[in-house]
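Architecture at a glance
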Amino acid sequence: MKTNEFIEKFTGSLRNGTFVRLTLTRPVKVIGRLVEIQGQPVLSLTFREATRDVTKNLPVAEAAGWLHQQKIRGALLSTTQQDWQLTPKLLIAHKPSVTVTTVRTHDRQKKTFLDDFAQVWLNALHTTPKKRQQIDRYLEIFSHLAEGMELRTIADMGCGKGYLTFALWHLLRTRIIGVEQRPELVAAGNQLARQIGATGLEFVAGTIESIQLPPVDALIALHACDTATDDAICRGITTGAKLIVVAPCCHQQIRPQLGRPEPLAESLRHGMLAERMAEWATDALRVLVLEWAGYRTKVIEFVASEHTPKNLMLAAIKERQPFTDPAARKRIEDFKKFYGITRHGLDELGRD
Ligand SMILES: C[S@@+](CC[C@H](N)C(=O)[O-])C[C@H]1O[C@@H](n2cnc3c(N)ncnc32)[C@H](O)[C@@H]1O
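Position labels on residues start from 1 in each chain and follow its written sequence. Reporting in this predicted model follows two pLDDT cut-offs: at least 70 for local features of residues, and 80 or more for side-chain atom pairs to be given and counted; totals over whole chains, interfaces and linings ignore these cut-offs and use all residues. In computing side-chain properties, one takes all heavy atoms of the structure into account and sets aside hydrogens as well as water.

1. Concerning the overall build of the chain
Strands here mean DSSP runs of E at least two residues long; helices mean DSSP runs of H or I at least four residues long; both are numbered from the N terminus. Of the regular secondary structure elements, the chain holds nine helices and 15 strands. With C-alpha atoms as the basis for the radius of gyration, the globule rule is written as 2.2 Å multiplied by the number of residues raised to the power 0.38. Relative to the 2.2 N^0.38 estimate, which gives 20 Å for 352 residues, the radius of gyration of the chain is 22 Å and therefore close to what a compact globule would have. For the C-alpha atoms alone, the extent of the chain along its principal axes is close to 75 × 45 × 40 Å. Type-normalised accessible area, obtained with a 1.4 Å probe on protein chains alone, sets the label of each residue: buried when under 20%, exposed when over 50%, and partly exposed for intermediate values. In the chain, buried positions account for 49% of the 352 residues.

Laid out in structure tokens, this is it:
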């Protein structure tokens, strides 16, 4: 029986540490990954149901028994040595899509998401301890936001030297595209990716607003300058990304437009307060637009402000059909009217 053979391959890969991922495609979609909970490896199963994902964790020792009980009609097992595809009649071997495996931790006590192997690229990028802390914190937040999502392709917009691009690849071993306008950084990123055998990681030269992208499941942008954050949000929404995570940088577009509505007028005579209000208004508008585009949003302070004052993170998880809720649209219009904002980087989204 091909199914028994498939299950043996699965249990063998768990035993010898080559397991990467299990996907059951029929009758229900289930994705299984190894995670670590309180120091113990556990098979984390995500059941894709019509309107939601349900996650169940199974001790590794019970995994084979569970799989035997499933009426599998189609499945894919990824190991670092071979991928195995099970069809109703055949068991087909493919070249491995991933050649290195990691166990993801759900243990909140653990402060780092990177194993020793990461040291190679961390050193090559001359990562400072401060930057390393930011990366760890970012990975912690990202893995929490992405829990239960299948992320096959991720774009990192305005990736610079690629700290986060490498870090996300290291965490997920999936396809990650770093987009950067400076060709010398792109060349250096690709060279390092090749050097460490980072299958799936690539850097492309171009601008956030115009680069050709395949459909992406998640889009991130950390400190992309000024309206480049809006461009990144726009690309995330229009490519239908399930998850968008941006940490804005400088905010220049709204500041000159900001009116002095009562009862704020007196306070906004002070340049610093107007500056802060413009930043606040820019990010608040971004959140409103993401909600109009069908996303559930979170605003997070992702590192302490002594690390960087640009420490606000806007996260959005796709939940609904975009641009269907007139109340969400009206909130944007009312907000802009109140502050006298006539032009905003995301204005055109969802217009008829
Ligand atoms: C402040 S750096 C941040 C780099 C990286 N995300 C990080 O956090 O380490 C911003 C980067 O975005 C790039 N960038 C800014 N605007 C861009 C655009 N419109 N298209 C592509 N890259 C852009 C810059 O060249 C720069 O490398």
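Next comes the rest of the description.
2. Quick look at helix α4 (residues 129-145)
Relative to the 24 Å expected for 17 residues at 1.5 Å per residue, α4 spans 24 Å between its end C-alpha atoms, a close match to the ideal helical length. Within α4, the full set of buried residues consists of Q134, I135, D136, Y138, L139, I141, F142, S143 and L145. To estimate how far a helix should reach, multiply one less than its number of residues by 1.5 Å.

3. What to know about the nonpolar core
Only buried Ala, Val, Leu, Ile, Met, Phe, Trp, Tyr and Cys residues count toward a nonpolar core, and they belong to the same one when joined by side-chain atoms within 4.5 Å. In terms of nonpolar packing, the biggest core is built from 45 residues, with W121, F142, F166 and L243 touching the most fellow members. Of all the elements, helix α5 (residues 163-172) adds the most residues to this core, at eight residues. By definition in these notes, contact holds between two residues if any of their heavy atoms fall within 4.5 Å. Contact partners of F166, with chain neighbours within four places excluded, come to W121, L125, K161, G189, L192, A193, I196, L201 and F203. In this structure, I244, L268, A316 and L346 belong to the second largest nonpolar core, which totals 43 residues.

4. Section: the site of the ligand
With respect to spatial proximity, 16 residues lie near the ligand, and among them G158, E180, I208, E209 and L222 are the closest. Under this definition, polar contacts are N or O atom pairs within 3.5 Å; protein pairs additionally need one hydrogen-donor-capable and one acceptor-capable atom, and for neighbouring residues in sequence, both atoms have to be side-chain atoms. In this structure, a nitrogen atom belonging to the ligand sits 3.1 Å away from a side-chain N or O atom of E209. One of the backbone N or O atoms of L222 is found 2.8 Å from a nitrogen atom in the ligand. Out of a free accessible area of 600 Å², the ligand has 82% covered by protein chains. For this classification, the nonpolar set comprises Ala, Val, Leu, Ile, Met, Phe, Trp, Tyr, Cys and Pro, the charged set comprises Asp, Glu, Lys and Arg, and every other residue, Gly included, is treated as polar. Per-class residue counts for the shell around the ligand are six nonpolar, six polar and four charged. What makes a residue near a molecule or strand is one non-hydrogen atom of that residue sitting within 4 Å of it. Note on areas: Shrake-Rupley with a 1.4 Å probe; residue coverage comes only from the protein chains shown.

5. Examining the sheet that holds strand β10 (residues 175-180)
At least two bridges found by DSSP between two strands is the condition for calling them paired. One open sheet accounts for seven strands, arranged β11-β10-β9-β12-β13-β15-β14; its pairing is mixed. Each edge of the open sheet carries a strand with a single partner, namely β11 (201-205) and β14 (295-301). Direction aside, the axes of adjacent strands within the sheet are offset by 15° on average. As paired elements, strand β9 (residues 153-157) and strand β12 (residues 218-222) share three bridges and run parallel to each other. Note that in β12 the partner of I154 across the bridge is A218. Each axis is a line fitted through C-alpha atoms, and for a helix only the stretch in contact is used; angles between axes span 0 to 180 degrees, taken between their N-to-C directions. Seen against the sheet, α4 touches β9, β12, β13 (243-247), β14 and β15 (312-318) and runs at an angle of roughly 155° to β13.

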